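Coordinates in review
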Amino acid sequence: MISITLNLINNSNNASPGVVIFQQNLAESSTGFAVAWIVLSNAGTGIANPFRIPMDMTVAASDSYGNITPQLPAPNGSRFEMVSSMRGNQLQLSQQPASAPQIMEVYNELPVGTIGVNAYKNGLLIAQKTSVGPGQKAAFAFDPTIYITLNSDVQQGELINAAALSDNIFQLSLIGIKSADIVMTGGGPGTDAQPILFTLQNVEMA
């Protein structure tokens, strides 16, 4: 599986912040909310917190009865369908491709009832769409860009109001990168505190 290897290193004056990392689903109109994909709690000073950004993802769906399907490998360009079968409601790979090669789609082909669709990377929820009605679809697409913010109250998998945090979100493009350190600097108490910054260092290109 192709992935980008990263280390978050806290060289700031904040002793143990909560670092929240998320990505944006480029295939759907932004609602202002994003899923807290990776949460690094108590990021100690000078300690490396390793994580990966995989290109691959998986998908699962839930029906109106609360049943949740297993996660299925979901490469870009694939299309899935939630269908009613003798074994109950099932999520299956379609013989048709997605409407574009850079996205993954899930269609609700049930005769009645809405579904929820979850996309995962590293087994962690990265995006979701709820209340997908019959004949409707959920679409997912991500580029190698991550967004970072500080929030000690957010739990992994929770929705965060990215629009409300827009002044405190840092965007890092990882295009062409194989591995890198993300170094956090600044912060601290009082009027002498410097702005928090996240910079890429020790970059190895793919």
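Since the model is a prediction, treat every value here as computed from it, not as a measurement. (Residues numbered from 1 in each chain as written. Predicted model: local features only at pLDDT ≥ 70, side-chain atom pairs only at ≥ 80, totals over all residues. Heavy atoms only, no water.)

Moving on, we come to the packing of aromatic side chains. On inspection of all chains with the given rule, the structure shows two aromatic pairs. Sitting above the plane of the Y107 ring, R79 keeps its charged end 3.7 Å from the centroid. (Phe/Tyr/Trp six-rings, centres within 6.5 Å; stacked < 30°, edge-to-face > 60°. Lys NZ or Arg CZ within 6 Å of the ring centre and 35° of its normal.)

The biggest cluster of nonpolar side chains holds 40 residues, and the ones touching the most others in it are L6, I21, F51, F140, I146 and I182. Considering every element that reaches this core, the biggest residue donor is strand β17 (residues 177-187), with four residues. Once residues within four sequence positions are removed from consideration, F51 is found in contact with I4, T5, L6, L8, I21, I38, L40 and I182. V20, A34, V154 and A162 belong to the second largest nonpolar core, which has nine residues in total. (Core = buried A, V, L, I, M, F, W, Y, C linked by side-chain atoms within 4.5 Å. Buried < 20%, exposed > 50% of the residue type's maximum accessible area, 1.4 Å probe, protein only. Helix = DSSP H or I, 4+ residues; strand = E, 2+ residues; numbered from the N terminus. Contact = heavy atoms within 4.5 Å.)

Time to look at the layout of surface pockets. Of the pockets and cavities examined, the largest pocket occupies roughly 480 Å³. In this structure, the largest pocket is lined by 20 residues; those nearest its centre are N25, S29, T31, F33 and Q128. Going through the elements one at a time, β3 (33-35) and β12 (124-132) are the ones with two or more residues in the lining of the largest pocket. When residues of the lining of the largest pocket are assigned to their parent elements, the largest contribution, five residues, is made by β12. (1 Å grid on protein atoms, 1.4 Å probe; cavity = no way out; pocket = protein on both sides within 12 Å on 5 of 7 lines; lining within 4 Å. Points joined across faces, edges and corners; volume = space filled by probe spheres on them.)

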